[in-house]
Amino acid sequence: MRIEALHDDFGAKITGIDLALPLAPHQIESLNAAIDEYSVLLFPEQNMSDEAQMALTKSFGEPEESHIAFGRTGEKVYIGTVGNVIDDKKKRGESDPQTRALKGNNLWHSDSSFRLVPSYISILHAYEVPAEGGETEFVSQRAAYRRLDAAKQTAINDLHVLHDYVFSRTKTAPVDDNHAASLPPVEQKLVRTNPSNGIRNYYVGSHARSIVGWSGIESRHLIDELNNFATKPKNRWSHSWQPGDTIFWDNRCVLHRGTGYDADRFRRNMRQTRVRGTGITLQE
Ligand code: OGA
Ligand code: MN
């Protein structure tokens, strides 16, 4: 396994490993260590399948069910399409409600930060990618926390934040009543600490609604400031997908977003799974 850094703040490209084969315990250990160190891992030229991706996901912990399917129908689904393909011939266009709902992914976010136990990692594999657009961008909230001055770090260290899916996602598309009712706002720590290396990061993104105990105006001022500081263009790493790319990202400490693409002109087929975090953030 070869590891090559991708950006000053975070990210690594990993070659010399076949993620579709069962991983040995020492490989899982090395990859968990790489997640703790680099936050985003790119594995080019993987020969993935849904079965292999599910097995891979289980190597890192408990798969997290889609909150969308579960909220709407009560069904537990562990792998889903990110994109617009239906099958080899059919795709959804720009006006399709599902295409519109997925545009919520174009706001900076951390997957499942609105769940009581948020995600550890997401695993996204590309099968078909648009000829234009469709990049995914990442930033490190660890580097952002490190760049705050000490007084600011101290001022935010013990704050709690409400994360709310309905707050963030109704900006781009309506959220079904059943789904909205299944996701009441949850309280998270604003500053999280990696349990293996002790490195701290702040934890905001578009689902972060308000600071517990603060007014709306003060809350938005701080959350917007932290989001803007973390997502400055020079701190981003943008990935232009190739079919066969698999990316792991650490939702505990990075934000990501899609850049969007024209669903009327292009097909995009990516499959996503997530590994549940180990507990609620308030007990970290
Ligand atoms: C996701 C996501 C962004 C993209 O899969 O969780 O936010 O580029 N994807 O599709
Ligand atoms: Mn996402």
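Anything mentioned here points back to the structure above.
This is a predicted model, so every value here is computed, not measured. (Residues numbered from 1 in each chain as written. Chains lettered and ligands numbered in written order. Predicted model: local features only at pLDDT ≥ 70, side-chain atom pairs only at ≥ 80, totals over all residues. Heavy atoms only, no water.)

### Topic: the pattern of salt bridges
When the charged atoms of two side chains with opposite charge come close together, those side chains can pair. As a reminder, the rule being used: In what follows, salt bridge is the name for a side-chain nitrogen of Lys or Arg lying within 4 Å of a carboxyl oxygen of Asp or Glu. Only DSSP runs of H or I covering at least 4 residues are called helices, and only runs of E covering at least 2 are called strands; the numbering of each starts at the N terminus. Only protein chains enter the area calculation, which uses a 1.4 Å probe; residues under 20% of their type maximum are buried, those over 50% are exposed, and those in between are partly exposed.
With the rule as written, the count across this model stands at 20 salt bridges. A salt bridge links Asp 9 to Arg 147; the shortest N-O distance between them is 2.7 Å. Of the two residues, Asp 9 is situated in the loop between β1 (2–5) and β2 (12–15) and Arg 147 in helix α5 (residues 141–147); the sequence distance between them amounts to 138 residues. Given the relative accessible area of 16%, Asp 9 is considered buried. In the salt-bridge network here, residues are joined through shared partners; they are Glu 62, Glu 64, Glu 65, Arg 115, Arg 274 and Arg 276.

### What about the pairing of strand β3 (residues 40–43)?
We count it as follows: In this scheme, strands are said to pair when DSSP sees at least two bridges between them. Handedness rule for crossovers: strands pointing away from the viewer, path from the first strand over the helix to the second running clockwise, crossover right-handed.
Residues of β3 alternate between two faces, with Val 40 and Leu 42 on one and Leu 41 and Phe 43 on the opposite face, all of them buried. For β2 and β3, the ladder comprises two bridges, and the chain directions are parallel. Bridging from a neighbouring strand, Lys 13 pairs with Leu 42 of β3. In this view, the connection linking β2 to its parallel neighbour β3 by way of helix α1 (residues 25–38) has right-handed handedness. Bridge count for β3 against strand β13 (residues 246–250) is four bridges, and the pairing is antiparallel. Each residue of the ladder has a partner; that of Leu 41, found in β13, is Phe 248.

### A look at the site of ligand 1
The cut-off we apply is this: The nearness test applies per residue and asks whether one of its heavy atoms lies within 4 Å of the molecule or strand. Counted as a polar contact is a pair of N or O atoms within 3.5 Å, where, for protein atoms, one must be capable of donating a hydrogen and the other of accepting one, and residues adjacent in sequence contribute only when both atoms are in side chains. Each residue gets one of three labels, nonpolar for Ala, Val, Leu, Ile, Met, Phe, Trp, Tyr, Cys and Pro, charged for Asp, Glu, Lys and Arg, and polar for the others, Gly among them.
By nearness alone, every residue bordering ligand 1 is listed as Val 82, Asn 105, His 109, Asp 111, Leu 124, Glu 135, Thr 136, Trp 249, His 256, Gly 258, Arg 268 and Gln 272. Here an oxygen atom of ligand 1 sits 3.0 Å away from a polar atom, N or O, in the side chain of His 256. Of the residues that constitute the shell around ligand 1, the class distribution is three nonpolar, six polar and three charged.

### Description of the packing of aromatic side chains
So the rule is basically this: Only centres within 6.5 Å qualify two rings of Phe, Tyr or Trp (six-membered ring in Trp) as a pair; their planes then separate them into stacked at under 30 degrees, edge-to-face at over 60, and tilted for everything else. Placement of a charge over a ring requires the Lys NZ or Arg CZ to be within 6 Å of the ring centre, with the centre-to-atom vector within 35 degrees of the ring normal.
Within this structure, the stated rule accounts for five aromatic pairs. When the ring of Phe 43 is compared with that of Phe 248, the centres are 4.8 Å apart and the planes differ by 50°; the resulting orientation is tilted. Placement of the pair is Phe 43 in strand β3 and Phe 248 in strand β13, with a sequence separation of 205 residues. An identical accessibility class is assigned to Phe 43 and Phe 248; each is buried. A centroid spacing of 5.8 Å and a plane angle of 25° characterise the contact between Phe 138 and Trp 237, whose relative ring orientation is stacked. Residue Phe 138 is located in strand β6 (residues 136–140), and its partner Trp 237 is located in strand β12 (residues 237–239); the two are separated by 99 residues in the primary sequence. Taken together, Phe 43, Phe 60 and Phe 248 form an aromatic cluster joined through their ring pairs. Lys 171 extends its terminal NZ or CZ atom over the ring of Phe 167, reaching a point 4.1 Å from the ring centre.

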